[in-house]
Amino acid sequence: GAVVSQHPSWVICKSGTSVKIECRSLDFQATTMFWYRQFPKQSLMLMATSNEGSKATYEQGVEKDKFLINHASLTLSTLTVTSAHPEDSSFYICSATGTGPTYSNQPQHFGDGTRLSIL
Amino acid sequence: GQQLNQSPQSMFIQEGEDVSMNCTSSSIFNTWLWYKQDPGEGPVLLIALYKAGELTSNGRLTAQFGITRKDSFLNISASIPSDVGIYFCAGGSYNTDKLIFGTGTRLQVFP
């Protein structure tokens, strides 16, 4: 149980292109989804928290106009990197938590990540 | 952003050896989680701890939630080649859905 699917797994595109990444919870309803970015040999850094039907909450330093997040249903959140540039190249990972009475019972389950390379 | 201190940063061990790594924080957490990440993949949950002092096992893995709520350790017994990867601790609090991740421990197992 608790499977999170992320698509695509790998993207190479030209500078200036916008790229959309999808994150789906396959066997549970995800009230909250999270988007992380991970640079080589570093830990995961939270970019934003997304609750179904409401605006995402961005971490300090993350440009909300550049990283557009939509969480339209309980099983799908999308991250769009707008007008991507080489410095946006990274490994982007989503995670999701299901419904439950308290956070402590709902650990985050991660997708397999999307490697984004901007030329 | 905030990160937890995780040590050691990397370990190179021989197959069959036991492994121990830990995670410390200056602030308390209500939940400690341990994840393993293989290259090019997302982290996979290994063990979740919800109570101070709790000791939980998952096969050859054992983790404990420190009494002070500011630390946690993960032990791997009788390591095998497939244990290779990066291990991350993560702390959670009741007042937020966010997790704070450790800096990671890179484990290499030699046959």
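Counting of residues starts from 1 at the beginning of each chain's written sequence and follows it residue by residue. Starting at A for chains and at 1 for ligands, labels are handed out in the order in which the entities are written. Note on the predicted model: pLDDT of at least 70 is required for a residue's local features to be given, and 80 or more for side-chain atom pairs to be given and counted; whole-chain, interface and lining totals, by contrast, use all residues. Hydrogens and water molecules were not included; the side-chain quantities draw on all heavy atoms of the structure.

What about the overall build of chain A?
Here is step 1: We count a stretch as a helix when DSSP gives it H or I for four or more residues in a row; a strand needs E for two or more, and each element gets its number in order from the N terminus. Helix and strand counts for chain A stand at zero helices and 11 strands.
Here is step 2: In sequence order, the secondary structure elements of chain A are arranged as β-β-β-β-β-β-β-β-β-β-β.
Here is step 3: With respect to the principal axes defined by its C-alpha atoms, chain A has extents near 45 × 25 × 25 Å.
Here is step 4: Two residues form a contact once any of their heavy atoms are found within 4.5 Å. Contacts in chain A between residues far apart in sequence, at least 24 positions, make up 55% of those at least 6 positions apart.
Here is step 5: Working definition of accessibility: Shrake-Rupley area with a 1.4 Å probe, residue cover restricted to the visible protein chains. Working note: accessible area of chain A is about 5,700 Å², and carbon and sulfur atoms make up 50% of it.
Here is step 6: Separation between the mean location of the 9 positive side-chain charges and that of the 9 negative ones in chain A comes to 5 Å. When charges are counted, neither His nor the chain ends are considered; positive counts come from Lys and Arg and negative counts from Asp and Glu. We put the charge of a Lys on NZ, of an Arg on CZ, of an Asp on CG and of a Glu on CD.

Remarks on the interface of chain B and chain A
Here is step 1: Contact with chain B, which involves 24 residues of that partner, is made by 26 residues of chain A.
Here is step 2: Interface area for chain B against chain A, summed over the two sides, is near 1,900 Å², with a carbon-plus-sulfur share of 58%.
Here is step 3: Take a side-chain nitrogen of Lys or Arg and a carboxyl oxygen of Asp or Glu: if they are within 4 Å of each other, that pair is a salt bridge. Across the contact surface, chain B and chain A share one salt bridge.
Here is step 4: For Glu59(A), the salt bridge is made with Lys98(B), and the minimal N-O distance between the two is 2.8 Å.
Here is step 5: Between N or O atoms, a polar contact is any pair within 3.5 Å; within protein, one atom must be a potential hydrogen donor and the other a potential acceptor, and residues adjacent in sequence are included only when both atoms are from side chains. On inspection of chain B and its partner chain A, the count reaches five residue pairs in polar contact (both at pLDDT 80 or more). We define buried area as the total accessible area lost by two parts upon association, computed with a 1.4 Å probe and summed across both.

Comments concerning the nonpolar core
All names here are of chain A.
Here is step 1: Ranked by size, the top nonpolar core spans 24 residues in total, and within it Trp35, Phe67, Leu79, Tyr92 and Leu116 carry the most contacts.
Here is step 2: For this core, the secondary structure elements donating two or more residues are strand E2 (10-13), strand E3 (19-25), strand E4 (30-38), strand E5 (45-51), strand E7 (67-73), strand E8 (76-81), strand E9 (90-98) and strand E11 (114-118).
Here is step 3: Not counting residues within four places of it along the chain, the set of residues in contact with Phe67 comprises Arg37, Met47, Tyr58, Val62, Leu79, Thr80, Val81, Asp88 and Tyr92. Among buried residues, those of type Ala, Val, Leu, Ile, Met, Phe, Trp, Tyr and Cys that are joined through side-chain atoms within 4.5 Å constitute a nonpolar core. Each residue is placed in one exposure class: buried if its accessible area under a 1.4 Å probe, protein chains only, is under 20% of its type's maximum, exposed if it is over 50%, and partly exposed if it falls in between.

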